[in-house]
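# Tertiary structure, described
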Amino acid sequence: MSDALFSSLTAAPADPILGVTQRFRQDPRPQKVNLGVGVYMTEEGVTPVLDVVKEAETALAEACIPHSYLPISGLEGYGLHVQQLVFGADSEIVRSGRAATVQTLGGTGALKVGMDFMYHVCGARVGATSLPTWGNHNAILKMAGYDVRHYSYYEASTNSVNFDAMLADLKALPPATLVVLHSCCHNPTGYDLSLDQWKEVIEVCRAGRLTPFLDMAYQGFCRGLEEDAASIRLFAASGLSFLVATSFSKSFNLYNERIGALTVVCQSKAEADIVMSQLKAVIRCNYSNPPAHGAYIVERVLSDPEKTEHWHEELAGMRNRILSMRKALADAMAALGAKRDFSFVTRQAGMFSFTGLTPEQVDRLAEEFGVYCVRNGRICICGLNTRNVQYVAESIAKVL
């Protein structure tokens, strides 16, 4: 009987993003290009170790800190740095203490803890995501037990956000729905809302008694750390209770350290203290304690104004390279006289671009030219550099 325990199982489908990299690695062609990978890469095609990270790691090695457990909520002082970065150092939320922040296993861990908290502790049963969204949003909601629904977002025919349809769908959601919103650098489309549009979304959430859960994995990759937090600061000023998932994977290039945070904004410090106790309970029966190394690095940088300023400069360098590659791709497509105007790429934000390529065109790019991207047409702009952007443009033009 025991031998048959797993005999009825079928293999889970491969992750659509990670599978792209696997196929890329198996391709022997020297001109191959990986536009599926969701990490920042330099002109040389490598993920850099920032100067501030090198300095911090050297100092930490010399300090020889014992490898004992961190508190369930994370490294002491880390949560305050996160809140100051997200809401602003002088924010009323920070000064009043009415937000509970826990260190998590990256932004994904923040989403998981927040969704479990809302489901098991607060009784939420419906979760809603944008069409399209990062696939893991839907997977985590489903695994947590939610009835997963969707609201309109991207309009393929106009390469833009269909905001009217988005509002209509949000208004149709039942009260207490947990609504996942991309605060900046929407993944996968690259299209963000304006501040005026965000104000309308806030009022819809208020009127419909929806619970906003803002995912900000890319703070600093659009216009800047302060500018990219503008949508969240509108929610902070609204008086609503809401959740925020943040990550230092991208902004510090600390992908494999799994360093993120979940912040729950409450109505008072007393309420936040209760929420913190419940978040700890959720974490305790999951992974118990967060890892320390990435947190030590981030805390060391953000607690020192000079190191923080250096980090800002390095982050700006990454952001500017992304912007230059967007322009280079759009210019190359225009010079080729491609069947489609690719200038929309320069109006998108962050690491990703929703190109409008069909699954069949994506398949042709991989099979005929060794250019790999996700089948929904999403490309990672960071995979482009001055050596391959012309080849990528020529390949795309040939499959249009």
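Along each chain, residues carry numbers from 1 onward, in the same order as the chain's sequence is written. Given that the model is predicted, a residue must reach a pLDDT of at least 70 before its local features are reported, and side-chain atom pairs must reach 80 or more before they are shown or counted; all residues, however, enter totals for whole chains, interfaces and linings. The side-chain values count all of the structure's non-hydrogen atoms but skip hydrogen atoms and water molecules.

## Here we look at the packing of aromatic side chains
Side-chain rings of Phe, Tyr and Trp (the six-membered ring for Trp) are treated as a pair once their centres are within 6.5 Å; stacked means planes under 30 degrees apart, edge-to-face means over 60, and tilted covers the remaining angles. For the structure shown, the criterion picks out 13 aromatic pairs. Pairing Tyr-218 with Phe-352 gives two aromatic rings, centres 5.9 Å apart and planes at 85°, and the pair type is edge-to-face. Within this pair, whereas Tyr-218 is found in the loop between β8 (211-216) and α9 (225-228), its partner Phe-352 is found in strand β11 (residues 352-354), the two being separated by 134 residues in sequence. Accessibility assignment for this pair places Tyr-218 and Phe-352 in one class, buried. Members of the aromatic cluster, each reached through a chain of ring pairs, are Tyr-78, Phe-248, Phe-252 and Trp-311. Strands are runs of DSSP state E lasting at least two residues, helices are runs of H or I lasting at least four, and both sets are numbered from the N terminus onward. Per-residue accessibility, obtained with a 1.4 Å probe over protein chains only, is compared with the maximum for each type, and a residue is labelled buried under 20%, exposed over 50%, and partly exposed between these values.

## Quick look at helix α2 (residues 51-63)
To estimate how far a helix should extend, the number of its residues minus one is multiplied by 1.5 Å. The terminal C-alpha atoms of α2, which comprises 13 residues, lie 18 Å apart, in line with the 18 Å expected from a rise of 1.5 Å per residue. Regarding α2, the residues found buried are Val-52, Val-53, Ala-56, Ala-59 and Leu-60. Buried residues of α2 fall within an arc of 130° about the axis and therefore sit on the same side. Pointing more than 90 degrees away from the buried face of α2 are the exposed residues Ala-61 and Glu-62. Only heavy atoms enter the contact rule, under which two residues are in contact if any of them lie within 4.5 Å. Elements in contact with the buried residues of α2: α12 (293-302) and α13 (305-336). After α2 finishes, the residue Cys-64 shows a positive phi value of roughly 50°. Arc definition: directions from the helix axis to the C-beta atoms.

## Side note on the pairing of strand β2 (residues 99-105)
With respect to burial, β2 is a largely interior element, six of its seven residues being buried. Of the strand pairs in this sheet, β2 and strand β10 (residues 259-265) are connected by seven bridges, and their pairing is antiparallel. Within β10, the position partnered with Thr-104 by the bridge is Gly-260. Between any two strands, at least two bridges found by DSSP are needed for them to pair.

## Brief notes about the sheet that holds β10
If you walk across this open sheet you meet the seven strands as β2-β10-β9-β8-β7-β3-β4, and the pairing is mixed. Among the strands making up the open sheet, the edge pair consists of β2 and β4 (147-152). With direction set aside, neighbouring strand axes in the sheet form an average angle of 25°. Pairing of strand β3 (residues 126-131) with strand β7 (residues 178-182), which is carried by two bridges, proceeds in the parallel orientation. Its bridge partner lying in β7, Ala-128 is registered against Val-179. Helix axes use the C-alpha atoms of the stretch in contact, all axes being lines fitted to C-alpha atoms, and the angles between their N-to-C directions lie in the range 0 to 180 degrees. Running at roughly 20° to β2, helix α11 (residues 269-284) makes contact with β2 and β10 of the sheet.

## Notes on the environment of Gln-31
Within the fold, Gln-31 resides in the loop between α1 (18-26) and β1 (33-34). The spatial distance from the C-alpha of Gln-31 to the C-alpha of Arg-319 is 25 Å, given a sequence separation of 288 residues. Ignoring anything within four residues of it in the chain, the contact list for Gln-31 reads Phe-369 and Tyr-391.

## Concerning the nonpolar core
Formed by 101 residues in total, the largest nonpolar core has its most connected members in Val-201, Phe-252 and Trp-311. The element best represented in this core is α13, accounting for eight residues. In this view, Phe-252 contacts Leu-50, Val-52, Val-53, Val-298, Val-301, Leu-302 and Trp-311; residues no more than four positions away in its chain are not counted. Residues Leu-111, Ala-124, Val-180 and Val-275 belong to the second largest nonpolar core, which totals 29 residues. For our purposes a nonpolar core is just a set of buried Ala, Val, Leu, Ile, Met, Phe, Trp, Tyr and Cys residues, chained together by side-chain atoms within 4.5 Å.

## Things to note about the pattern of salt bridges
If the charged atoms of two oppositely charged side chains come close together, the side chains can form a pair. The salt bridge definition used is simple: a Lys or Arg side-chain nitrogen within 4 Å of an Asp or Glu carboxyl oxygen. Within the structure shown, the criterion is met by 15 salt bridges. Its salt-bridge partner being Lys-269, residue Asp-273 comes within 3.2 Å of it at the nearest N-O pair. With a gap of four residues between them, Asp-273 and Lys-269 both fall in helix α11, about one helical turn apart. Within the structure, one salt-bridge network assembled from shared partners comprises Glu-43, Arg-321 and Arg-387.

## With respect to the pairing of β10
Taken across its seven residues, β10 has seven buried, putting it largely inside the fold. Side chains Ile-259, Ala-261, Thr-263 and Val-265 project from β10 onto one buried face, and the interleaved Gly-260, Leu-262 and Val-264 project onto a second face that is buried too. Of the strand pairs in this sheet, strand β9 (residues 242-247) and β10 are connected by six bridges, and their pairing is antiparallel. By the bridge assignment, Ser-247 is partnered in β10 with Gly-260.

## Notes on the side chain of Gln-219
On the secondary structure map, Gln-219 appears in the loop between β8 and α9. For Gln-219, a relative accessible area of 7% corresponds to the buried category. A polar side-chain atom of Gln-219 sits 3.0 Å from the main-chain carbonyl oxygen of Leu-85. Within the structure, Gln-219 has its side chain in polar contact with the backbone oxygen of Leu-225 (distance 3.0 Å). Among all residues touching Gln-219, those that are not within four sequence positions of it are Leu-85, Val-86, Cys-184, Leu-225, Asp-228, Ala-229, Ser-251 and Leu-315. By the criterion applied in these results, polar contacts are pairs of N or O atoms within 3.5 Å in which, for protein atoms, one can donate a hydrogen and the other can accept it, and in which residues neighboring in sequence qualify only through two side-chain atoms.

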